[in-house]
Number of protein chains: 4
Amino acid sequence: MTTPGSGQLVTAGVIGAGRMGSFHAETLARRLPGTRLAAVADPAPGAAHQLADRLGCPRAFTDPGQLLADPAVDAVVIVTPARTHAGLVEAAARAGKAIYCEKPMALSLADADRAIDAACQAGVPLQVGFNRRYDAGFRAARDQIAAGAIGTPQLLRSLTRDPKLADPARIPPWTIFTETLIHDFDALRFLNPGAEPAEVFALADALIRPDFRDRGLLDTAVVTIRFDNGALATAEASFQAVYGYDVRGEVLGPGGMLTLGDLRATHLTSYGPHGVTAGCVSYDQDLFRDAYIAELADFTDCVRTGRPPAVTGQDARAALSIARAAIRSVTTGSPVRIDELKDQ
Amino acid sequence: MTTPGSGQLVTAGVIGAGRMGSFHAETLARRLPGTRLAAVADPAPGAAHQLADRLGCPRAFTDPGQLLADPAVDAVVIVTPARTHAGLVEAAARAGKAIYCEKPMALSLADADRAIDAACQAGVPLQVGFNRRYDAGFRAARDQIAAGAIGTPQLLRSLTRDPKLADPARIPPWTIFTETLIHDFDALRFLNPGAEPAEVFALADALIRPDFRDRGLLDTAVVTIRFDNGALATAEASFQAVYGYDVRGEVLGPGGMLTLGDLRATHLTSYGPHGVTAGCVSYDQDLFRDAYIAELADFTDCVRTGRPPAVTGQDARAALSIARAAIRSVTTGSPVRIDELKDQ
Amino acid sequence: MTTPGSGQLVTAGVIGAGRMGSFHAETLARRLPGTRLAAVADPAPGAAHQLADRLGCPRAFTDPGQLLADPAVDAVVIVTPARTHAGLVEAAARAGKAIYCEKPMALSLADADRAIDAACQAGVPLQVGFNRRYDAGFRAARDQIAAGAIGTPQLLRSLTRDPKLADPARIPPWTIFTETLIHDFDALRFLNPGAEPAEVFALADALIRPDFRDRGLLDTAVVTIRFDNGALATAEASFQAVYGYDVRGEVLGPGGMLTLGDLRATHLTSYGPHGVTAGCVSYDQDLFRDAYIAELADFTDCVRTGRPPAVTGQDARAALSIARAAIRSVTTGSPVRIDELKDQ
Amino acid sequence: MTTPGSGQLVTAGVIGAGRMGSFHAETLARRLPGTRLAAVADPAPGAAHQLADRLGCPRAFTDPGQLLADPAVDAVVIVTPARTHAGLVEAAARAGKAIYCEKPMALSLADADRAIDAACQAGVPLQVGFNRRYDAGFRAARDQIAAGAIGTPQLLRSLTRDPKLADPARIPPWTIFTETLIHDFDALRFLNPGAEPAEVFALADALIRPDFRDRGLLDTAVVTIRFDNGALATAEASFQAVYGYDVRGEVLGPGGMLTLGDLRATHLTSYGPHGVTAGCVSYDQDLFRDAYIAELADFTDCVRTGRPPAVTGQDARAALSIARAAIRSVTTGSPVRIDELKDQ
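Below is a summary of the structure that appears in this document. Note that this is a predicted model, so its numbers are computed, not measured. Per-chain numbering applies: the sequence of each chain, read as written, is numbered from 1 onward. Chains and ligands are labelled sequentially in the order written, the chains with letters from A and the ligands with numbers from 1. Given that the model is predicted, a residue must reach a pLDDT of at least 70 before its local features are reported, and side-chain atom pairs must reach 80 or more before they are shown or counted; all residues, however, enter totals for whole chains, interfaces and linings. Just so you know, side-chain values use all the structure's heavy atoms and leave hydrogens and water out.

Quick look at the relation of the copies chain A and chain C
Rules: Here the copies were fitted onto each other by least squares, based on C-alpha atoms from residues at pLDDT of at least 70 in both. A contact between two residues is defined here by any heavy atoms of the two lying within 4.5 Å.
Overlaying chain A with chain C gives an RMSD of 0.0 Å, the required rotation being 180° about an axis along which the chain moves by 0.0 Å. Accordingly, the operation relating the two chain copies is best matched by a two-fold axis. When C-alpha distances to the rotation axis are compared across chain A, the minimum falls at A:R31, with a value of 3.0 Å. Residue by residue, 100% of the interface of chain A is reproduced at the interface of chain C, so both copies engage with the same surface.

Digging into the interface of chain A and chain C
Formally: Buried area, as used here, totals the accessible surface that two parts lose on assembly, with accessibility defined by a 1.4 Å probe and the loss added over both. Definition used for salt bridges: Asp or Glu carboxyl oxygen within 4 Å of a side-chain nitrogen of Lys or Arg. N or O atoms within 3.5 Å of each other form a polar contact, as long as, within protein, one can give a hydrogen and the other can take it, and as long as residues adjacent in sequence are counted only when both atoms are side-chain atoms. A run of H or I in DSSP becomes a helix once it reaches four residues, and a run of E becomes a strand once it reaches two; helices and strands are each numbered from the N terminus. Side-chain classes are defined by residue name, with Ala, Val, Leu, Ile, Met, Phe, Trp, Tyr, Cys and Pro counting as nonpolar, Asp, Glu, Lys and Arg as charged, and the others, Gly among them, as polar.
Facing the 25 residues of chain A at the interface are 25 residues of chain C. At the boundary of chain A with chain C, total buried surface from both sides reaches about 1900 Å², with 57% on carbon and sulfur atoms. Its largest share of buried area at the contact with chain C, chain A owes to A:H267, A:L268 and A:Y271, together 34% of the area lost on that side. Across the chain A-chain C interface, the total number found is 0 salt bridges. In this structure, the connection of chain A to chain C is made through 2 residue pairs in polar contact (both at pLDDT 80 or more). In terms of residues, the side of chain A that touches chain C owes the most to one element, helix α6 (residues 136–146) of chain A, which gives 6 residues. The residue inventory of the side of chain A that touches chain C, partitioned by class, reads 11 nonpolar, 11 polar and 3 charged.

Remarks on unusual backbone geometry
The residue after C:K103, namely C:P104, is reached through a cis peptide bond having omega -10°. By the element assignment, C:P104 lies in the loop between β5 (98–101) and α5 (109–122). A positive phi angle is found at B:W174, which is not glycine, with a value near 65°. By the secondary structure assignment, B:W174 is in the loop between β7 (155–161) and α7 (175–190).

Notes on the packing of aromatic side chains
How we decide: Classification of ring pairs uses Phe, Tyr and Trp, with its six-membered ring standing for Trp, and accepts pairs whose centres are within 6.5 Å; under 30 degrees between planes counts as stacked, over 60 as edge-to-face, and the remaining range as tilted.
Inspection of the entire model under this criterion finds 22 aromatic pairs over all chains. Ring centres of A:Y245 and A:F288 lie 6.4 Å apart, and the angle between their planes is 85°; on these two criteria the pair is classed as edge-to-face. Residue A:Y245 is found in the loop between β10 (232–238) and β11 (246–253), and its partner A:F288 is found in the loop between α8 (284–287) and α9 (289–305); the two are separated by 43 residues along the sequence. For the pair D:W174 and D:F177, a centre-to-centre distance of 6.4 Å together with 40° between the ring planes defines the contact as tilted.

Focus on the relation of the copies chain A and chain D
Rotating chain A by 180° and moving it 0.0 Å along the rotation axis overlays it on chain D with an RMSD of 0.0 Å. By residue overlap, the copies meet face to face through one surface: 100% of the interface positions of chain A are interface positions in chain D.

Some remarks on the side chain of C:S238
Filter applied, for reference: Exposed residues in this analysis have more than 50% of their type's maximum accessible area, buried residues have under 20%, and partly exposed residues fall in between, with area computed by a 1.4 Å probe over protein chains only.
In this fold, C:S238 is placed in strand β10 (residues 232–238). When its relative accessible area of 0% is taken as the criterion, C:S238 is described as buried. In this structure the side chain of C:S238 is engaged in a polar contact, spanning 3.1 Å, whose partner is the backbone nitrogen of C:Q240. Leaving out residues up to four positions away in the same chain, C:S238 has contacts with B:L155, B:L252, C:T160, C:R161, C:D162, C:I208, C:D219 and C:T220.

Details of the interface of chain A and chain D
At the interface, 40 residues of chain A touch 40 residues of chain D. Counting every contact that joins chain A to chain D gives 8 salt bridges. Among the salt bridges present, the one from D:D205 reaches A:R226, with a minimum N-O distance of 3.8 Å. Remark: the boundary between chain A and chain D carries 7 residue pairs in polar contact (both at pLDDT 80 or more). Secondary structure elements with two or more residues in the side of chain A that touches chain D: β7 (155–161), β8 (197–205), β9 (220–227), β10, β11 and β12 (256–260) of chain A. Of all the elements, β9(A) adds the most residues to the side of chain A that touches chain D, at 6 residues. Of the residues in the side of chain A that touches chain D, the class split is 21 nonpolar, 10 polar and 9 charged.

What about the sheet that holds strand β5 (residues 98–101) of chain A?
All names here are of chain A. Condition: Strands were regarded as paired on the criterion that DSSP finds at least two bridges between them. Fitted lines through C-alpha atoms give the axes, limited to the stretch in contact for helices. The angle between two N-to-C directions lies from 0 to 180 degrees.
Spatially, the 6 strands line up as an open sheet ordered β3-β2-β1-β4-β5-β6, and their pairing is parallel. Each of the sheet's edge strands pairs with one partner strand only, and the pair in question is β3 (59–61) and β6 (126–128). Going from strand to strand, the sheet's axes swing by 20° on average, the running direction of each strand aside.

Some remarks on helix α6 (residues 136–146) of chain D
All names here are of chain D. Cut-off, in case you're wondering: Throughout, the arc means the angular range of directions from the helix axis out to the C-beta atoms.
Those residues of α6 lying buried are G137, F138, A141 and I145. The buried side chains of α6 occupy one side of the element, clustering within an arc of 100° when seen end-on. Looking at the packing, one finds that the buried side of α6 touches α7 (175–190), β11 (246–253) and β12 (256–260). N-cap assignment for α6: the residue whose side-chain oxygen lies 3.0 Å from the backbone N of G137 is D135. Directly after α6, the chain includes G148, whose backbone phi takes a positive value near 90°.

Focus on the pairing of β5(C)
All names here are of chain C. Definition in use: If the strands point away from the viewer and the path from the first strand over the helix to the second runs clockwise, then the crossover is right-handed.
Across the two faces of β5 the burial is the same, with A98 and Y100 and I99 and C101 all buried. Taken together, the 4 bridges between strand β4 (residues 75–78) and β5 define a ladder with parallel strand orientation. Within β5, the residue paired with A75 across the bridge is A98. Handedness of the β-α-β unit built from β4, helix α4 (residues 85–94) and β5 comes out right-handed. Crossover connection from β5 via α5 to parallel strand β6 (residues 126–128): handedness right-handed.

So this is what it looks like as structure tokens:
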């Protein structure tokens with residue numbers, strides 16, 4: 001990759017034209033000065049063209065390989081189904097592109113290692129889509145913790161609840177760990193600076209759709225993590241919270257507690273005969289809109305300036321290691337030490 | 001009055017066996033160690049007896065004069081209709097009783113002056129029922145302000161909203177000023193220590209029951225007050241807030257702002273498909289239960305120890321002077337200076 | 001003005017390269033697809049050029065007249081000192097430009113009328129910068145009220161407090177009414193749909209900097225307004241709230257209450273030995289960032305589609321009439337009826 | 001025991017004159033009409049006499065056996081160190097007294113069974129001090145859940161944090177489970193009506209005072225519980241939260257979420273240069289004052305009316321079984337099934 005000079009235009013290609021891919025594409029096309037959306041790729045017939053047209057993007061492919069081969073593309077943003085991430089990171093690295101990859105970067109530690117190695121070998125930046133790190137509240141919490149405001153964390157909590165479980169038949173096994181809780185695993189590492197997970201115990205079940213339990217659905221989970229600095233953490237997820245999209249965090253240390261998260265959609269509150277009411281956020285793109293934009297702004301700035309990304313392949317691997325340990329814990333019914341994990 | 005020694009029993013008589021009188025009677029009978037409910041009086045047939053029976057109180061009268069003449073009564077608690085307060089204070093003072101009188105102590109400044117004089121002449125303590133002064137939040141705010149935490153107040157707000165306007169036909173004219181906002185007028189003085197009102201402008205209307213406007217109902221009011229230390233204040237009242245009983249305050253000074261008030265009935269919050277909900281307080285005796293008890297505890301302690309009350313007849317007069325100015329302002333359509341008021 | 005077709009590019013010129021002008025210029029240059037920043041004008045030497053350079057804008061002028069004469073400019077955004085607004089609106093209208101003017105559009109009713117007439121004569125859209133109307137919370141409140149959720153408003157409140165009074169010597173007289181409270185006057189109209197102000201009483205003083213009272217500074221104000229639908233409203237302003245930028249609203253109707261405003265900068269809350277703490281917003285461009293962008297998006301959409309603006313010159317005039325009445329009320333010490341106002 | 005008729009006086013004896021014993025004694029002496037404090041016992045020299053004197057209680061003993069033998073005592077309230085509870089319950093039962101016992105009723109399941117049997121044999125009521133069941137918020141949550149408002153719970157959380165860890169040397173091993181988290185274990189059962197714990201995994205450590213780890217201190221703990229209705233729960237405790245006494249709960253079900261807990265001491269909020277601040281509760285007797293009184297009111301009512309208590313010895317045993325499983329889980333490093341527990 002040739003690093004574009006500071007001030008130079010970054011040309012980006014988006015692989016994956018779904019809901020999140022469209023948002024990222026629009027960010028690259030319109031919301032980031034100094035960045036241009038050069039290409040979109042999606043195997044679904046017409047998807048890439050439709051998105052490219054809407055955003056005035058000159059090129060659209062059904063084959064991601066074509067996008068990776070396009071010399072007009074400096075950087076790729078991978079927003080495809082999770083199982084394809086690691087392979088695309090490798091391919092993009094070989095093609096010499098700067099890489100932004102949505103979470104999870106990989107589903108196995110072996111894949112994660114290969115992806116990291118590929119980027120390293122190619123000397124290209126590799127950033128992973130842990131958007132909470134770019135949320136103003138989470139960032140301020142991390143800064144305060146890193147500055148010692150509450151001392152070394154003792155008890156942490158992170159949770160994610162989606163507003164609606166649409167079609168349980170389409171959810172791959174272990175999704176709750178590899179795609180949902182992966183955010184919380186990263187958030188817990190982010191809020192416990194310098195510490196790494198040591199031991200994991202997980203409980204999970206199909207409580208929202210028990211009729212899918214036999215098909216392997218896990219829609220509700222609680223994970224307990226002991227970190228190597230002693231901190232005890234819980235991560236909690238549900239695929240359906242009828243009140244809306246719910247992301248919260250909490251950190252207790254010897255100097256105090258920080259809490260994170262806001263369920264309210266606006267600052268409007270209603271008081272009626274049945275009490276106080278406020279509307280909740282129902283959509284991740286409402287809650288994290290600014291963070292989604294900020295992470296791509298940071299990524300394109302890395303591409304432009306050559307500085308390394310703030311959220312790396314190693315961060316992706318570390319969060320994945322908790323997910324893999326949680327999966328093994330559910331399978332065995334026992335706690336799992338991170339250092340027991342092979343490259344599964 | 002003979003001051004009972006410290007540790008001695010205070011015997012109290014309650015005049016008025018309505019909702020609030022019953023609460024005060026129960027407090028005196030059961031909630032205050034060292035205090036005994038010795039008598040109840042109420043002209044309504046059976047009311048005093050029924051209350052006395054329920055509380056194990058030995059004497060019940062239909063004539064308040066009999067209670068005032070009872071040598072077994074050290075202190076009287078006046079919880080009758082407002083128009084009778086000043087006269088009963090005078091009579092109680094002449095009978096040598098320590099006096100607690102519900103707000104408003106009087107409806108005219110002349111009456112207030114006579115009541116104050118009577119208590120002064122008799123050398124009996126006279127305390128007035130501005131219960132907010134005994135609420136933990138209001139008290140903490142006053143203490144912080146008095147300690148200079150936010151500097152000299154610049155902007156203040158106090159509001160009272162009742163949950164339900166039951167029967168507009170039974171509300172005497174000007175009630176919103178003399179019985180409802182009188183609390184806010186006192187609260188504003190309490191939260192602006194040492195300052196006195198200088199000028200008052202009031203707007204009021206029948207917006208809840210416009211069909212009673214012609215009969216003189218005022219159910220909604222806003223009063224603006226300029227204090228002699230420069231502070232500008234608003235007091236606001238409504239006879240019907242469907243969400244519950246609403247009492248709040250706010251004080252801005254050069255060093256910051258304090259806000260007061262909580263509409264929530266408990267710490268339980270519900271999150272459902274329609275958002276976040278919390279139940280509201282619907283009853284003043286829920287919101288101010290502790291304060292109602294604390295003010296009688298303080299009063300009986302004054303009786304027991306001989307120290308002067310914390311909320312005096314002069315406080316009652318000062319709040320009334322704002323109410324009278326507001327009434328004149330509504331009548332004339334112009335702002336009214338407090339020093340223009342005669343003893344009306 | 002030739003209306004650009006739907007989908008066509010809108011080219012905008014910004015007059016005034018100060019803090020807010022720079023923000024609007026950046027919005028036009030970068031944040032709004034389909035809009036281009038074509039020119040900047042500012043009489044301060046170098047200001048326009050510097051801003052134009054930073055944003056890649058092709059033209060910069062020191063004379064606003066040159067910008068107005070530029071045929072490459074479809075629409076002008078006026079962000080100059082308040083006293084120049086009305087004149088620039090007239091000139092822009094004569095030049096056939098679509099007009100967005102920051103509040104207050106005029107300082108006298110006569111000026112407001114001339115500006116409105118000019119835009120009307122020229123057949124150009126005229127939108128005024130009441131940004132709160134574009135804030136998600138205020139808009140949702142208005143929508144609920146217009147839909148009857150709380151019935152006809154009875155009591156309203158709107159307040160604005162700036163975080164810091166920098167240099168009192170540079171503040172023109174009556175600024176608190178014409179530049180600060182003008183937002184609240186508009187917000188109260190917005191939240192009381194269809195109603196118009198009937199009577200105004202105002203108190204104002206120099207409480208933050210009493211040393212500037214003799215020079216005419218008014219830094220603290222409370223305004224009471226009676227609307228023609230009976231609603232009673234207060235608007236309140238302070239030039240210095242040390243805790244941050246504070247904008248709130250409240251509306252009570254027969255069906256309930258709505259409250260608006262959030263002082264918290266993020267969803268991070270700290271709990272330490274001294275209690276619960278959350279950081280406050282210190283800057284209007286933080287609090288209303290999305291609204292500032294949304295109002296220009298709406299304006300450029302009006303330019304593009306030919307539909308009339310949502311916030312009009314008549315809205316500006318109506319808010320100004322309250323400000324003028326408040327000024328007269330402070331001057332005379334009496335309440336002022338809106339229909340008494342001439343074109344002062 | 002002879003059940004006093006409805007309306008009859010209940011005479012109670014308190015065993016244990018410490019902080020909580022004194023509070024309960026004062027409640028029995030002064031806050032509950034129809035109840036009389038007849039005796040106090042405490043082995044510490046002078047403690048019982050001092051408390052009895054202060055409350056006008058006629059009898060004081062150093063030997064609890066004397067109190068139990070006193071025919072003037074209908075009911076005993078056991079507020080002694082935890083290790084003595086079960087034995088005193090047995091003795092009180094044999095003496096035919098109605099029994100209120102502070103939590104934990106026993107430290108081993110065998111002791112719990114003996115205590116329950118003794119009360120059962122003697123035909124005396126046995127109530128246990130899970131005060132959260134008498135808190136208005138917890139009770140309202142339970143009522144809503146029992147009424148189906150959020151459906152069958154899926155994810156629950158309960159936490160307790162004490163404000164200050166005073167002297168780690170005086171804390172018996174496993175205290176965090178048997179004395180602190182026992183409240184949360186009961187609260188989780190209370191908020192998950194009809195369900196029983198099935199499996200427990202616990203992590204615990206000395207993070208506040210790591211210098212006492214070698215002496216067996218556990219000051220921080222996280223417990224994960226799977227209930228037999230599928231619900232997954234976490235209970236979390238810390239012996240030191242510098243911001244105050246912190247008790248919270250959360251329940252997610254298919255119909256929504258309920259949250260419980262309030263850290264704020266009053267409704268006063270301060271806004272200063274460093275943000276928004278509210279004082280926190282620092283003392284359990286502030287947070288649960290009303291609940292502490294309500295549980296004794298309910299207990300004495302059971303004594304008076306003969307109806308069975310709402311919080312039983314079986315409830316105590318069920319919470320203890322979670323504590324015992326958590327202790328074994330910490331010891332073995334593995335999850336523990338409740339049905340594996342013998343009567344340890």
